[in-house]
Amino acid sequence: MKIIVAVTAASGAIYARLIVEELLRCDCVERIALIYSDTARAVVAAEGVTLPESERITVYDNSDMFGSPASGSARWDAMVVAPSSVGTVGRVAAGVSQTLIERAADVMLKERRRLIFVVRETPLSLIHLRNMTTLTEAGAVILPASPSFYSQPRDIEQLCRTVVERVVAMLGIDAPHYEWGKE
């Protein structure tokens, strides 16, 4: 599989790090395109997060409209925006494609490929909810960064992994995860 991971300026860079780490553990993931929004790198640094590096990861500049994630013919299998700002959600819902992140998301929608937004915002306004509804109706998945507590996570990282496990499953990747009722 070829997966695009977009990181926007919403708080929650730990989600991006954990998703990329999990994707690198999966043999079925052959390539990862990593795209940071213009402010995302500053937020990632402010939160003290470092994303992994690997020969399987290609970092694209968000202004690179000639990067392969901008084209449906490049055949990226899926895309996850994590963390996703509601600004990114709104621009994609409106069909605005002024950056590589927005264009790649637009490509996922038009090609009917998996697109997941890990929204990290609260509270949500009616405008945010309507934009998420628009994306859902267009085929995207809105997966709020709402961790679960069933597995009794012992620290922040384990708590965040409960969201990451859901993201990886929604990408169609079979990876180890917590299952309700199984000990």
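See the structure above.
Below you will find a few notes about this structure.

What counts, and at which threshold
- Residues numbered from 1 in each chain as written.
- Predicted model: local features only at pLDDT ≥ 70, side-chain atom pairs only at ≥ 80, totals over all residues.
- Heavy atoms only, no water.
- Phe/Tyr/Trp six-rings, centres within 6.5 Å; stacked < 30°, edge-to-face > 60°.
- Lys NZ or Arg CZ within 6 Å of the ring centre and 35° of its normal.
- 1 Å grid on protein atoms, 1.4 Å probe; cavity = no way out; pocket = protein on both sides within 12 Å on 5 of 7 lines; lining within 4 Å.
- Points joined across faces, edges and corners; volume = space filled by probe spheres on them.
- Helix = DSSP H or I, 4+ residues; strand = E, 2+ residues; numbered from the N terminus.
- Buried < 20%, exposed > 50% of the residue type's maximum accessible area, 1.4 Å probe, protein only.
- Pairing = 2+ DSSP bridges.
- Right-handed = clockwise from strand over helix to strand, strands pointing away.

1. Remarks on the packing of aromatic side chains
Both the distance between ring centres and the angle between the ring planes are used here to describe each pair of aromatic rings.
(1) Moving on: Inspection of every chain in the model, using the stated rule, returns 0 aromatic pairs.
(2) Moving on: One Lys or Arg, Lys2, reaches over the ring of Trp76 and ends 4.9 Å from the middle of that ring.

2. A word on the layout of surface pockets
(1) Moving on: When its volume is computed, the second largest pocket comes out at roughly 200 Å³.
(2) Moving on: Leu34, Tyr36, Arg41, Leu51 and Glu53 are, among the 13 residues lining the second largest pocket, the residues nearest its centre.
(3) Moving on: Listed by contribution, the elements that provide at least two residues to the lining of the second largest pocket are strand E2 (31-36), helix H2 (40-46) and strand E3 (57-60).
(4) Moving on: Counting residues per element, the lining of the second largest pocket draws most heavily on H2, at 3 residues.

3. Quick look at the pairing of E2
(1) Moving on: Buried residues dominate E2, accounting for 5 of its 6 residues.
(2) Moving on: In this sheet, E2 lies alongside strand E1 (residues 2-7) in parallel orientation, the contact comprising 6 bridges. In the sheet register, Ile3 faces E2, and the bridge partner there is Ile32.
(3) Moving on: Two elements, E2 and E3, share 4 bridges in a ladder whose sense is parallel. Within the sheet, the bridge partner assigned to Ile32 lies in E3 and is Ile57.
(4) Moving on: Each parallel crossover has a hand, and for E2 linked through H2 to E3 it is right-handed.

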